[in-house]
Amino acid sequence: MDNIYNEIVLEALLKKAVIDDHNNELVSIPSENELKSLFMFSDQYQLKMKLLFRREKQQVIKKIVFNVIRRIAILIMIVGVILFGLLLINIEVRATVRNAITEWFDKFTRYSYSENIPAEKGVIWTFEYQLKSYVEKERVDLGSFTSITYNDDENNEISFQFGIASDISFGIDNERSKYEIRNIGDMEYHIYTAISSEYPSVIIWLQDGYAMCISGFITIDELINIAQTISKK
């Protein structure tokens with residue numbers, strides 16, 4: 001009986017000791033304020049963490065912005081293709097794209113035209129713009145192509161060439177000139193303004209099925225004035 005009693009007392013004492021030890025551990029745990037003071041992160045560490053989170057946030061924003069820009073670019077490309085297709089439905093626009101062929105080479109540009117451009121044969125073209133001191137010096141008529149040369153008293157030359165577009169092509173020196181396109185009224189003029197007085201300025205355009213070229217040692221404005229007054233004789 002004494003052994004049984006002793007075992008019961010011992011077990012009770014052990015339980016009480018375990019409970020007391022657990023309570024002591026709970027009591028010894030510092031409070032929240034004490035833990036904050038014991039394990040306070042330095043300002044430098046907190047700054048590093050803020051920078052890390054900020055960089056991560058910026059990366060996420062960059063990915064979002066990139067995806068948005070990519071989608072917008074794809075949308076613009078799709079819209080451009082659709083609009084170009086719609087433009088080609090228009091007969092006049094489609095004819096312009098198909099009729100004129102411009103080829104750029106290292107030293108010259110070549111203009112050629114489709115064989116399907118309608119044109120009235122045998123038309124003689126002239127211009128109303130008055131050229132002071134210039135007179136017609138030479139005319140070469142080959143049927144579908146005509147070349148007229150004008151000279152002044154100092155032998156400065158202006159050349160006017162025209163012909164059925166499907167029968168001719170023009171080669172223009174692009175090394176010694178400044179190129180631009182001007183749309184005046186319904187006409188699109190390809191302009192080569194000479195950058196040296198030793199070379200003429202040139203204008204190329206298409207009019208009523210005829211390819212035309214005018215060049216000369218005069219100002220580009222005067223050449224444009226001539227081109228604008230050219231009409232059937």
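It should be noted that the structure appears before, not after, this text.
Residues numbered from 1 in each chain as written. Predicted model: local features only at pLDDT ≥ 70, side-chain atom pairs only at ≥ 80, totals over all residues. Heavy atoms only, no water.

Draft legend 1. Local environment of the packing of aromatic side chains. Summed over the entire model, instances satisfying the criterion amount to 10 aromatic pairs. Consider the rings of Phe-105 and Phe-108, whose centres lie 4.8 Å apart with planes at 20°: the pair is stacked. Three or more aromatic residues joined by ring pairs form one cluster here, namely Trp-104, Tyr-111, Tyr-179 and Tyr-192. (Phe/Tyr/Trp six-rings, centres within 6.5 Å; stacked < 30°, edge-to-face > 60°.)

Draft legend 2. Summary view of the sheet that holds strand β4 (residues 135–141). Here we have 7 strands laid out as an open sheet, ordered β4-β5-β6-β11-β10-β9-β8, and antiparallel in their pairing. Where the open sheet ends on each side, the last strands, each with one partner, are β4 and β8 (177–184). Sheet twist, expressed as the mean angle between neighbouring strand axes with direction ignored, is 15°. Examined bridge by bridge, strand β10 (residues 201–207) and strand β11 (residues 210–216) share 7 bridges and lie antiparallel to one another. Bridged to Val-202 within β11 is Ser-215. Packed on one face of the sheet, helix α5 (residues 220–228) meets β8, β9 (187–194), β10 and β11 and runs near 20° to β10. (Pairing = 2+ DSSP bridges. Helix = DSSP H or I, 4+ residues; strand = E, 2+ residues; numbered from the N terminus. Axes fitted to C-alpha atoms, helices over the stretch in contact; angles between N-to-C directions. Contact = heavy atoms within 4.5 Å.)

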